[in-house]
Amino acid sequence: MSSIKPKMDHSERAARDLLNRKVREGIIDRRNANQIIKTGLPFVRTMLAEWRRDGCSPTWITSKFQSIRAEAVEKHEAASNPLLKRMALTRVVCAEMYLAVWAGMQADLGQYTADRHAEHELDA
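Thresholds applied
- Residues numbered from 1 in each chain as written.
- Predicted model: local features only at pLDDT ≥ 70, side-chain atom pairs only at ≥ 80, totals over all residues.
- Heavy atoms only, no water.
- Helix = DSSP H or I, 4+ residues; strand = E, 2+ residues; numbered from the N terminus.
- Buried < 20%, exposed > 50% of the residue type's maximum accessible area, 1.4 Å probe, protein only.
- Areas by Shrake-Rupley, 256 points an atom, 1.4 Å probe, with all protein chains shown as cover.
- Salt bridge = Lys/Arg side-chain N within 4 Å of Asp/Glu carboxyl O.
- pLDDT = per-residue confidence, 0-100.
- Expected span 1.5 Å × (residues − 1).
- Arc of directions from axis to C-beta.
- Patch = residues over 30% accessible without salt bridge, like charges linked within 9 Å, V, L, I, M, F, W, Y side chains within 5 Å.
- Core = buried A, V, L, I, M, F, W, Y, C linked by side-chain atoms within 4.5 Å.
- Contact = heavy atoms within 4.5 Å.
- Phe/Tyr/Trp six-rings, centres within 6.5 Å; stacked < 30°, edge-to-face > 60°.

1. Details of the overall build of the protein
Move 1: Counting secondary structure elements, the protein contains four helices and zero strands.
Move 2: Listed by position from the N terminus, the elements making up the protein come as α-α-α-α.
Move 3: With 124 residues in all, the protein has 28% of them scored as buried.
Move 4: For the protein, the computed accessible surface area is about 8500 Å², with 55% contributed by carbon and sulfur atoms.

Right, dumping it as C-alpha cells:
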C-alpha cells in the first residue's frame, strides 16, 4: 500500500489555507474549521458544478458569493447576542471559503486547460 498522498487540488488547498489562517487568528477553532471543510467543501463544489452546468457565468458566480459574504457580514455586525454573533461570524467564514474555493476551481480549470494544450502540442 502506497504512503504517497494524492496531490491536493487548488480549490481544497485554498479552502484549507483560509480556514487554517482563521484558526491561527482565533476567529474560529480547529473543530469548527474541520467541520466547515468536511461539510462545506463538498457542498460548495456541488453548488458550483450545478451553476456551471446551468450556464452561469464566472462573473455571476463571483458576484453571488460576494453578495452572500456581504449579507453574512451585515448580519454579524447587526447581531447583539454573543451566540448569534458567533453564528454569524461562522457564516462570514463560510462565505469567504466559498470565494476561496471558487478561485481555486478557476485555477484548477486553468491548469487543466494548460495541461490539455500541452498534450495536444506533444501529439502534433
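2. Quick notes on the pattern of salt bridges
Move 1: Evaluation of the coordinates by the stated rule reveals seven salt bridges.
Move 2: Of the charged contacts in the structure, one is a salt bridge between Arg 21 and Glu 25, with a shortest N-O distance of 3.5 Å.
Move 3: Classification of Glu 25 by relative accessible area gives partly exposed; the value is 46%.
Move 4: One salt bridge in this structure joins Arg 69 and Glu 96, with 2.9 Å as the shortest N-O distance. Taken as a pair, Arg 69 in helix H3 (residues 58-78) and Glu 96 in helix H4 (residues 82-123) lie far apart in primary sequence, 27 residues in all.
Move 5: Classification of Arg 69 by relative accessible area gives partly exposed; the value is 31%.
Move 6: Accessibility expressed as a relative area gives 14% for Glu 96, which makes it buried.
Move 7: What you see here is one network of salt bridges that share partners, running through Lys 22, Arg 69 and Glu 96.

3. Quick look at the confidence of the model for the protein
Move 1: When pLDDT is averaged along the protein, the result is 88, and 90% of the positions lie at 70 or above.
Move 2: No element of the protein has a lower mean pLDDT than H4, at 84, and none a higher one than H3, at 95.

4. Things to note about helix H1 (residues 10-24)
Along an α-helix, residues three or four apart share an orientation, since each turn contains 3.6 residues.
Move 1: With 15 residues, H1 extends 21 Å between its outermost C-alpha atoms, agreeing within 8% with the 21 Å of an ideal straight helix rising 1.5 Å per residue.
Move 2: Among all positions of H1, only Ser 11, Glu 12, Ala 15, Leu 18, Leu 19 and Lys 22 are buried. Seen along its axis, H1 keeps its buried residues to an arc of 135°; they face one direction.
Move 3: Taken from the residues just after H1, Gly 26 is the one with a positive phi, measuring 80°.

5. Digging into a nonpolar patch on the surface
Move 1: Judged by side-chain polarity, Leu 83, Leu 84 and Met 87 come together as a nonpolar surface patch covering roughly 290 Å² of accessible area.
Move 2: As for its placement among the helices and strands, Leu 84 is situated in helix H4.
Move 3: You can call Leu 84 partly exposed: its relative accessible area is 47%.

6. Quick notes on the nonpolar core
Move 1: With 21 residues, the main nonpolar core has Leu 19, Val 44, Leu 48, Phe 65 and Met 97 as its most contacted residues.
Move 2: Looking at this core, the elements with two or more residues in it are H1, helix H2 (30-53), H3 and H4.
Move 3: The greatest single-element share of this core, amounting to eight residues, is contributed by H2.
Move 4: Sequence-distant contacts of Val 44, defined by excluding residues within four places in its chain, comprise Phe 65, Tyr 98 and Val 101.

7. What about the packing of aromatic side chains?
Move 1: One pass over the structure, following the stated rule, counts four aromatic pairs.
Move 2: Pairing Phe 43 with Tyr 98 gives two aromatic rings, centres 6.1 Å apart and planes at 45°, and the pair type is tilted. Taken together, the positions of Phe 43 in helix H2 and Tyr 98 in helix H4 put the pair 55 residues apart, joining distant regions of the chain.
Move 3: On the basis of relative accessible area, Phe 43 is assigned to the partly exposed category, the value being 45%.
Move 4: Using a relative accessible area of 14% as the deciding quantity, one classes Tyr 98 as buried.

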